[in-house]
Amino acid sequence: MQCIFMHTKIRNNGNTMSCFSPFLSYNRCGFSIMFSGIIASESEVLSIHEGIFTLKNVFRTMLTRWESISHDGVCVTILDSDRDTYSFFAMEETFRVTNFGSKKVGDTYNVERSLQLGDRIDGHMVSWHIDTLWDVRERKMNPDGSLTLWISFPREYANYCVYKWSIALNGVSLTIIEVILERERAIIHVSLIPLTQEVTNLGWLEKGAPINIEFDMIGKYVASMLNKGLLQNSVPSHDPTS
């Protein structure tokens, strides 16, 4: 897979700094703009055998072999498909670092196909490579029908969490409402509208349920480049007297 990067300028202490973040990817299916985290439906697990998952096809079309589709925020490659079912293989590493190990027949995945060039991005840019697997700390139904979730994870990831910025939970693009820092842990607070509860599996997650987390892609690139000292002032120095 090849990536096309977009040039981003960032203001830092009055200086303009440049960085590059992945915008397009290219695979055998053509160009795609990664994923957006907008989930249209859930797909039910029909069988699991030696790492091969067979699911109900909710896409109303045959999927292409080698096609990449997000399942709870994990990018998997389609092996076979017909109009009723499709299958993919999950390796041991996927079971170790995601919620795939807790899935059983009858459970559902939040599914999303990759965006094609020209599609609208209604969520935020995500790569569907999971950063960490942690759990739901608390949940609360609100009088207006919204659902509030508190998600905890190691404090080392707190730098990627910004108030009113984006995060992907089980593949769903959500907005961080609050960031709480404890001695060794960070806790974020997100809320789900009734529609999100209806069309994704976040609505029925109970306290302690494992959840796949992907932090904001651009934020991770910026943090990485700052740590490595790679971001520099993009405006060249110029002496008007020379």
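Okay, so let's go over this structure. All values derive from a computational prediction rather than experimental measurement.

**Quick look at the pairing of strand β5 (residues 52–56)**
In the sheet, strand β4 (residues 41–49) pairs with β5 via four bridges, with the strands oriented antiparallel. Residue pairing across strands places H49 opposite I52, the latter belonging to β5. Once β4 ends, the chain turns through two residues before running back antiparallel as β5, passing E50 with a positive phi of about 50°. Summarising the sheet, β5 and strand β8 (residues 85–89) pair through five bridges and their orientation is antiparallel. Across the sheet, residue K56 finds its bridge partner in β8, namely T85.

**Remarks on the sheet that holds β4**
Read around the barrel, six strands follow the order β4-β5-β8-β7-β6-β9 and close on themselves; strand pairing throughout is antiparallel. Going from strand to strand, the sheet's axes swing by 45° on average, the running direction of each strand aside. One ladder, built from three bridges, connects strand β7 (residues 74–81) with β8; its direction is antiparallel. Bridge pairing in β8 places D80 opposite S87.

**Describing the pairing of β4**
Relative to strand β9 (residues 108–113), β4 is paired through four bridges, and the arrangement is antiparallel. Counted as the bridge partner of S41 is V111 from β9.

**Overview of the pattern of salt bridges**
Evaluation of the coordinates by the stated rule reveals seven salt bridges. Of the charged contacts in the structure, one is a salt bridge between K103 and D72, with a shortest N-O distance of 3.0 Å. Note that K103 is positioned in the loop between α1 (92–97) and β9 and D72 in the loop between β6 (68–71) and β7, a separation of 31 residues in sequence. Each of the two residues, K103 as well as D72, counts as buried. Close ionic contact of R96 with E93 constitutes a salt bridge, the shortest N to O distance being 2.9 Å. Of the two residues, R96 and E93 both sit in helix α1, three residues apart, roughly one turn of that helix.

**Observations concerning a nonpolar patch on the surface**
On the surface, I52, F89 and M91 cluster together to form a nonpolar patch covering roughly 290 Å² of accessible area. Structurally, the position occupied by F89 is in strand β8. A relative accessible area of 45% means that F89 is categorised as partly exposed.

**A word on the environment of T77**
For T77, the position within the fold is in strand β7. Sequence separation of T77 and W66 is eleven residues, and the distance between their C-alpha atoms is 5.3 Å. Those residues in contact with T77, other than ones at most four positions away along the chain, are W66, E67, S87, F88 and F89.

**Some details on the sheet that holds strand β12 (residues 166–169)**
Spatial ordering of the open sheet is given by β13-β12-β16-β10-β11-β15-β14, a layout of seven strands whose pairing is antiparallel. The open sheet is flanked by β13 (172–175) and β14 (178–181), the only strands paired with a single partner. With strand direction ignored, the average angle separating the axes of adjacent strands in the sheet is 35°. When strand β10 (residues 132–141) meets strand β11 (residues 147–154), the two strands line up antiparallel, connected through six bridges. Among the inter-strand pairings, E138 is bridged to a residue of β11, identified as W150.

**Some points on the packing of aromatic side chains**
The geometry of an aromatic ring pair comes down to the distance between the two centres and the angle between the two planes. Enumeration according to the criterion identifies twelve aromatic pairs in this entry. Seen from their ring centres, F88 and Y109 are 6.2 Å apart, and the 75° between their planes marks the pair as edge-to-face. Of this pair, F88 sits in strand β8 while Y109 sits in strand β9, placing them 21 residues apart in sequence. Comparing F88 with Y109 shows no difference in burial state: the two are buried. With a centroid separation of 5.3 Å and 70° between ring planes, the pair formed by F153 and F215 is classed as edge-to-face. With F153 in strand β11 and F215 in strand β16 (residues 210–215), the pair connects residues that are 62 residues apart, well separated along the chain. Judged by its relative accessible area of 0%, F153 is buried. Note on F215: relative accessible area 1%, which makes it buried.

What counts as what
Residues numbered from 1 in each chain as written. Predicted model: local features only at pLDDT ≥ 70, side-chain atom pairs only at ≥ 80, totals over all residues. Heavy atoms only, no water. Pairing = 2+ DSSP bridges. Helix = DSSP H or I, 4+ residues; strand = E, 2+ residues; numbered from the N terminus. Axes fitted to C-alpha atoms, helices over the stretch in contact; angles between N-to-C directions. Salt bridge = Lys/Arg side-chain N within 4 Å of Asp/Glu carboxyl O. Buried < 20%, exposed > 50% of the residue type's maximum accessible area, 1.4 Å probe, protein only. Patch = residues over 30% accessible without salt bridge, like charges linked within 9 Å, V, L, I, M, F, W, Y side chains within 5 Å. Areas by Shrake-Rupley, 256 points an atom, 1.4 Å probe, with all protein chains shown as cover. Contact = heavy atoms within 4.5 Å. Phe/Tyr/Trp six-rings, centres within 6.5 Å; stacked < 30°, edge-to-face > 60°.

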